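This is what each chain is made of:
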Amino acid sequence: MPGTPSGKITNNSPAMVYSGDGSAVNMTATAHLVTELLDDDPAKKDGIVNHVALVKAMGRLTPLAGLSIPRTELAASHLCTVLSTAIILELSITLSKSFYLTDSQAVLAQLNSRLSLYEPWILSRLRCINSKSLPSDWFKVNGHQNAADVPSKIHAKPLTELLKSRLWEKGD
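In this text, all values refer to a predicted model and were calculated from it rather than measured experimentally. (Residues numbered from 1 in each chain as written. Predicted model: local features only at pLDDT ≥ 70, side-chain atom pairs only at ≥ 80, totals over all residues. Heavy atoms only, no water.)

### Section: the pairing of strand β2 (residues 26–36)
Where burial is concerned, most of β2 is hidden: 10 out of the 11 residues are buried. Here eight bridges tie strand β1 (residues 15–22) to β2, and the two strands are oriented antiparallel to one another. Across the sheet, residue Asp-21 finds its bridge partner in β2, namely Thr-28. Counted along the chain from β1 to the antiparallel partner β2, the turn is three residues long. Where β2 and strand β3 (residues 50–61) come together, 11 bridges link them in antiparallel fashion. Bridge pairing links Ala-29 to Met-58 in β3. (Buried < 20%, exposed > 50% of the residue type's maximum accessible area, 1.4 Å probe, protein only. Helix = DSSP H or I, 4+ residues; strand = E, 2+ residues; numbered from the N terminus. Pairing = 2+ DSSP bridges.)

Next comes the structure, spelled out in structure tokens:
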């Protein structure tokens, strides 16, 4: 499928999947580590070959003055790269690949366009994102498949229910 992350993930070369989401309430980024299950692991049955675990999450409240949703989505994508830098410094593992997920088509378009088109606020975030990732590392996901979308639902569901969701814990 075009636009889908691919590549061999093993225990020796795990991958990190970052997802970002912005809303009128907050901007959130999550990081999930993906490793291959060992052959003798009972969970490897039924076609499950990878283990996914939440490593770290970061969030920021949207300013009271407000930001447009496209700006909060861009700020969340920027937060993904800030999170990736922090994780690289904290973890002593070598990653085979990093994937970045967003549910914002606007962010993907901005990442693939000429930077000279944008005002300073947007430009500074795009430059930071481009300095830490490639546009080809970014992929579009549906909002309901975006792990970083979970914290923006905090007003609709109890926190304990949100934190127990498979999307939050396992990214699926």
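Read on for the rest.
### Remarks on the nonpolar core
Of all hydrophobic cores here, the largest spans 18 residues; its most connected members are Tyr-18, Leu-83 and Trp-138. The set of elements that each furnish at least two residues to this core consists of β1, β2, α1 (69–90), α2 (105–111) and α3 (120–132). No other element matches α1, which puts five residues into this core. Look past the residues within four positions of Tyr-18 in its chain and what remains in contact with it is Thr-30, Ala-31, Cys-80, Leu-83, Ser-84, Ile-87, Leu-95, Ser-98, Phe-99, Tyr-100 and Leu-101. The next biggest cluster of nonpolar side chains, apart from the first, holds seven residues, and it includes Ala-15, Val-17, Leu-101 and Phe-139. (Core = buried A, V, L, I, M, F, W, Y, C linked by side-chain atoms within 4.5 Å. Contact = heavy atoms within 4.5 Å.)

### Details of the sheet that holds β2
Think of a sheet as strands paired side by side through backbone hydrogen bonds, with each pair either parallel or antiparallel. With mixed pairing, five strands are arranged side by side in an open sheet as β3-β2-β1-β4-β5. Looking at which strands have only one partner, the edges of the open sheet turn out to be β3 and β5 (138–140). Strand-to-strand, the axes of this sheet are offset by a mean angle of 25°, without reference to chain direction. (Axes fitted to C-alpha atoms, helices over the stretch in contact; angles between N-to-C directions.)

### A word on the packing of aromatic side chains
Working definition: an aromatic ring pair is given by the centre-to-centre distance plus the angle between the planes. In the structure shown here, the tally under the stated rule is three aromatic pairs. Measuring from centroid to centroid gives 5.0 Å for Tyr-18 and Tyr-100, while their planes differ by 20°, and the two rings are stacked. Here Tyr-100 lies in strand β4 (residues 97–102) and Tyr-18 lies in strand β1, a separation of 82 residues in the sequence. Ring centres of Phe-99 and Phe-139 lie 6.0 Å apart, and the angle between their planes is 55°; this geometry places the pair in the tilted category. Of this pair, Phe-99 sits in strand β4 while Phe-139 sits in strand β5, and the two are 40 residues apart along the sequence. Residue Phe-99 is classed as buried on the basis of its relative accessible area, which comes to 6%. Taking relative accessible area as the criterion, Phe-139 reaches 11% and is therefore assigned buried. Pairwise contacts between aromatic rings join Tyr-18, Tyr-100 and Trp-138 into one cluster. Here Arg-125 stacks its cationic end above the ring of Trp-121, 3.8 Å away from the centre of that ring. (Phe/Tyr/Trp six-rings, centres within 6.5 Å; stacked < 30°, edge-to-face > 60°. Lys NZ or Arg CZ within 6 Å of the ring centre and 35° of its normal.)

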